[in-house]
Amino acid sequence: MTNTSPKPLSILIAALGGEGGGVLTDWLVAAAHHAGLPAQSTSIPGVAQRTGATTYYVEIFPVPIAELGTRRPVLGLYPVAGAIDLMVASELVEAGRAMRNGFVSPERTTLIASTHRVYATIEKMAMGDERADAARLRKAAASLPKRAILFDAKADAETRRLQLNAVLLGTIAGSGVLPLPLSAFEQAIREAGKAVDGNLAGFAHGLRVARGEVSLPPDEPSVMPTVPPAFVDAAQAFPAEVVEIVAHGLARLIDYQDADYARLYVQRLQPLSQAAPAVLTEAARQLALWMSYEDVIRVADLKSRPERLAQVRAEARAGDLPIRVVDYLKPGIDEVASVLPAALGRPLLAWGERRDLLDRGVPLRINAASITGFVLLRVLARLKAVRRRSLRFIAEQQAIEQWLAAISQASRTSVALAGAIAMLPGLRKGYGDTQRRGRRSYELLMERVVMPALRPGADGEAAARRLVEGYKAALADPEGQRLNQLVAAEMARDMAAE
Amino acid sequence: MERSFAKEIALLRQGDGEVFEGEGILAITKALLQAGVSYIGGYQGAPVSHLMDVLGDARDLLDDLGVHFEANANEAGAAAMLGASINYPLRGAAVWKSTVGTNVASDALSNLASAGVIGGALIILGEDYGEGSSIIQERTHAFAMKSQMWLLDPRPDHARFVELIERAFELSEASNTPVMMEFRIRACHMHGRFVCKDNKPAAHSKRHDPLVDPNRDYGRICLPPSIYVQEKHKVEVRLPRALQFIASHGLNERFDGARDDIGIILQGGLYNTVIRALQQLGLADAFGASDIPILCLNVTYPLLPDEIEAFCRGKRAVLMVEEGQPDHLEQAVGALLRKAAIDTTLVGKAVLPMAGEYTAETVLRGLVRFLEGSVPHGIDLVAAGRELAALDAAKERAAELVGDELPRRPPGFCTGCPERPVFSALKLAERDYGKVHVAADIGCTTFATLEPFHMGNTVLGYGFSLASAPAVAHAFDKRVISVMGDGGFWHNGLATGVSGAVFNQTDSVLVIVDNGYASATGQQAIPSSSSNRQGAPKLSIEAALTSLGVRWIEVVRSYDVGKMRRTLRKAMTTAKGGLKVIIARGECQLARQRRVKPATARKLQAGERVVRTKFGVDASTCTGDHSCIRLSGCPTLTIKDNPDPLRRDPVAHVTEDCVGCGLCGNVAHAAGLCPSFHRAEVIHNPGAFDRGLDRLRRKTIDWLSGARRAEMAG
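Nothing here was measured: the structure is a model prediction, and the numbers come from that model.

What counts as what
- Residues numbered from 1 in each chain as written.
- Chains lettered and ligands numbered in written order.
- Predicted model: local features only at pLDDT ≥ 70, side-chain atom pairs only at ≥ 80, totals over all residues.
- Helix = DSSP H or I, 4+ residues; strand = E, 2+ residues; numbered from the N terminus.
- Rg over C-alpha atoms; globule rule 2.2 N^0.38 Å.
- Buried ≥ 20, exposed ≤ 12 C-beta atoms within 10 Å, placed from the backbone.
- Contact = placed C-beta atoms within 7 Å.
- Nonpolar A, V, L, I, M, F, W, Y, C, P; charged D, E, K, R; others polar.
- Pairing = 2+ DSSP bridges.
- Core = buried A, V, L, I, M, F, W, Y, C linked by C-beta atoms within 7 Å.
- Axes fitted to C-alpha atoms, helices over the stretch in contact; angles between N-to-C directions.

Could you give me a rundown of the overall build of chain A, with the residues and numbers involved?
Scanning chain A from N- to C-terminus turns up 22 helices and eight strands. A compact globule built from 498 residues would reach a C-alpha radius of gyration of about 23 Å, whereas chain A, at 30 Å, exceeds it by more than 25%. Within the span of chain A, comprising 498 residues, buried residues form 51% of the whole. Looking at chain A alone, contacts between residues at least 24 apart form 68% of all its contacts between residues at least 6 apart.

Structure representation (structure tokens):
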């Protein structure tokens, strides 16, 4: 065997297009050159630079060129699974991908990863929540490598106004994996000549992170709302694990309408207080959300609160500068009809449906930071006083009662079915077309699955499974195709059975 | 162009003895100048765009050397330009992305190869095969064989690249044959160094020793009977001369090793990867000294029978490391051995995959299987097996920890891209006229075939969407929509698509996405670019269409989703026959930001009034349905944990990188989505009026909100 010579150090960088992974790679190569070591980098940018995932690969040979004479090491162009000394991932799922591809070895690899998430389009576009399991990825990243340096580099960089790649370079230097003096890294940044001071500051911060000199901010504790005095007794009557949800629900409904409406909330929950805790918790949560459904009144109210303008200012980093806030509102005919009294709203809605105009709306651009815009929003918000007489309010209350009755009845025979019914209003969300589609899915499942399951002698467990399946189908695609297919298949099966 | 390549051009100017340090593709560019080329042409594409970009910016340097540079209309144009070397002693190079570019160029290439050359003709091919590639997986090797052009696949090392480019010109001249050189994507982006030589001026140019007598030789024309003579010349003269040149100049490299019973033959481009696998198994040292003898084929076509035979003779088994399929090399080597009656066992695709990229791990696994099968003397097979077992165990453990499939992350439209709204509109317009067949094209627009748009049924090539539509349209109850970028339009769409559609009176809809550049390859100027090269005249897409007889043309600002949707509906439903073209216009946001960002920074610094726009989502009114994302997919429109304690689904959220393109608000309006979007306009360096109005507004709103009263009470 001839293999007694030193091995090159291998560094793999996984990043997303536009994050500065190329610059980070150049800094590493330059730092190696400043230290007199042979180094080679390569990458596969191609179109991956357009926001996709990509990797950069660097090899550094630990013997100075000066000592090599005429010999030169042959350096690789591909990372080798199991043979990476330093794995750098600028994002959590990319760290996960590196691990799955075998680039993080328990014997050899130091993993430097930012724990923040940049969601992929397929995660973002889901109708519910289909995000990758971040907790699991964090655990894996902490336990698999020989050594792990994990921190939210993105948040660090943003709050301190630093560049992510410079922070990562500092962390790389601080990890001590590479045989390069700090001055070589700093020289690389200086020589590149772009935003030198900012990048040196980022580098210094990353260095402190790697050395454990930066304490992480503590998690914010969840805030338990105070239950209004008038409701303390009623709230305490519920099992301990439900009280928090009930408290949130009460606060929300007082804010949404008034104390009477909150009282109705508690009254509606009371018949379910003997149900399984999981069912009750879900029902309490869904009931509060449903009773505070979003109508034009609610939206105008939320958009014209002082804390909202403050929030917009903070997000836009406006500080104390003058600001315009343009709200994109497009109330459709059904949304207008829904806040009108039933006697007026119903004919308007029917007309709109006949003319197929429900998709249409009046596009409005309201400057919520202007006086006229603000006053308009406040006037709309004040319609709260007549909400109880509105078309939609009446319709929603009826549907709520029907749903509550179904849970009550189901909880006598099948906890699973009651639980599945309790989560069903989760389909009713959004505005306009989205809202109509969600309501259709809900009604379809109520009619096809829930109602038959409540008949005497029906198989509650089977119905619960079908309901969960239907719920998932309703969220599978925005056109409701999957749900329609499922219902059609069920009908065909039922007919065959008969 | 918004970018400057001054640094790169300085590298190209380096002289004798200076050390070049930079990317592989730039080293290749420098080598062309050192070899004394008279002309360079090409068409952009990864991984060779950089060569085009830098030379396009290096007018002074090229003028000094008397080198003609041309950004050709397409690869066929570049290949045709090599015709300059048919009659004259002019060295020239053409460059493009293979194999797609080679496909486009192949008509000219066949003619060039048949006629043969006097001056060295070199075709630099960027090979983009495997992981992350955006093109079909085919081999350039087949083109080299069928047209008889020599194919070099150099060992990845800057000095070797540079030397072989010089040799390739000599080979071309010695054998009257064009030479192809393929460079893999990782090699093009490889950072390395070499010692420079002075650049050589072109042999003939307007400036220096111009040609005066055209060389008119019917023997160089590809018509009978010349073509029969040319074909004979290929096999009787050119091939033997090439073989002799390759042998006498030692273009291939033989590395002997301590073991003599086995050996490895490899494509030069895979050398480093094979060495790395050998190192992994303890069979090579850091400097590439291998226990197993290696024959490194820097020339993969033609093969030297003597060299192959000499290498294989006396060995029990030889491993052929050859990427891609069909296994042209393995078949050729096998035939050579059979004819020479050498009974060495040849193993290639039996232990290495037939298709797919030869990554380090792939090669390592193949190598271990080869060693296990050939049982060479003195190699510890147990240790080799252990290496793989450890790798498998580590992967298994990682899979256990990490769990199921991770969300894939393909490339997509950039933040604020003007192409995104076009596809938002196409998706929305399907609500009006139902689902339609969409003929997609090459370029950034291809990203629309992915989530969240899934807009596109077929891709047939660059600029071919419209040409691919008529037969489908004939079978459908409604019109077909073809989409192409402005790059595709000029590359082939105008000639192949539009003229064909007008001539055949095709009743079809074409959407041209005009963002001002060939963007997917890095914002190169195209004929209709406003920031064109060297003051070239700007060609108009509308004028081109009109002149071909297209009567129905609508130009829509690409961000106007509502108008685009209405225009699409009109195009799909109008009673008018013929071709209907919608031009969606909006500048590439990457290019725009490159210009706008520094300008804004300067204004801010100078204290000038700047209105900065950022979109946002009110988490309190967002119900977490994400319809907005399904109509956008913008990187800055993302999701975050729902701050509402009662809600579970994540809410939409706009990150700080938002460039304020306006799509979010437009889509919210056009689709009637949801009232959660807002646009914040922050006025930096406000004037007295801005400040006064703001103060008045804030005070009034505070007072109306009652906050003021509360304060007074407090």
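Account for the interface of chain A and chain B, naming residues and giving values.
The partner chain B presents 101 residues to the 108 residues of chain A that form the contact. Here the side of chain A that touches chain B gets seven residues from one element, more than from any other, and that element is strand S7 (residues 323–329) of chain A. Considered class by class, the residues forming the side of chain A that touches chain B number 54 nonpolar, 28 polar and 26 charged. Looking at chain direction, S7 of chain A and strand S24 (residues 677–684) of chain B are connected through five bridges and run antiparallel. Looking at S24 of chain B, one finds that Ile-323 of chain A is bridged to Val-682 of chain B.

Give me the lowdown on the nonpolar core, citing residues and values where you can.
Grouped together as the largest cluster of nonpolar side chains are 359 residues, with contacts concentrated most on Ile-421 of chain A together with Trp-150 of chain B. Here this core gets eight residues from one element, more than from any other, and that element is helix H12 (residues 277–291) of chain A. Discounting chain neighbours no more than four positions away, the residues touching Ile-421 of chain A are Trp-403, Ala-406, Ile-407, Ala-410, Val-450 and Leu-467 of chain A.

Can you break down unusual backbone geometry residue by residue, with the values?
If a residue is not glycine, its phi is most likely negative; likewise, a peptide bond is most likely trans. Residues and elements named next belong to chain B. That bond from Ala-46 to Pro-47 is cis: its omega, 0°, falls within 30 degrees of zero. Mapped onto the elements, Pro-47 comes out in the loop between strand S2 (39–42) and helix H3 (49–56). The omega torsion across Tyr-301 and Pro-302 is 5°, close enough to zero to call that bond cis. Along the chain, Pro-302 turns up in the loop between strand S12 (299–301) and helix H13 (305–312). Non-glycine residue Asn-176 carries a positive phi angle of around 50°. Within the secondary structure layout, Asn-176 lies in the loop between helix H9 (158–175) and strand S7 (179–184). Although it is not a glycine, Val-375 sits at a positive phi angle of roughly 40°. Following the sequence through the fold, Val-375 ends up in the loop between helix H15 (360–374) and helix H16 (381–402). Judged by local crowding, Val-375 falls into the exposed class, with 12 C-beta atoms found within 10 Å.

Describe the environment of Gly-352 of chain A, and please don't skip the residues or the numbers.
Residues and elements named next belong to chain A. By the secondary structure assignment, Gly-352 is in helix H16 (residues 342–354). Owing to 18 C-beta atoms within 10 Å, Gly-352 belongs among the partly exposed residues under this scheme. When neighbours within four sequence positions are excluded, Gly-352 is seen to be in contact with Ile-333, Asp-334, Ala-337, Leu-357 and Leu-358.

Hey, could you go over the sheet that holds strand S19 (residues 552–557) of chain B for me, with residue numbers and the actual values?
All names here are of chain B. Ordered in space as S16-S15-S17-S18-S20-S19, the six strands form an open sheet in which the pairing is parallel. Edge positions in the sheet fall to strand S16 (458–459) and S19, since each has one partner strand and no second. Pairing analysis gives two bridges linking strand S15 (residues 438–440) to strand S17 (residues 481–485), with the strands arranged parallel. Across the sheet, Val-438 pairs through a bridge with Ile-481, a residue of S17.

Mind laying out the sheet that holds strand S10 (residues 262–267) of chain B, listing which residues take part and the relevant values?
Residue and element names in this part refer to chain B. Taken in spatial order, the five strands of this open sheet run S9-S11-S10-S13-S14, and their pairing is mixed. Strands with a single pairing partner mark the edges of an open sheet, and in this sheet they are strand S9 (253–255) and strand S14 (345–347). The average undirected angle you get between the axes of adjacent strands in this sheet is 20°. Across four bridges, the pairing between S10 and strand S11 (residues 294–297) is parallel.

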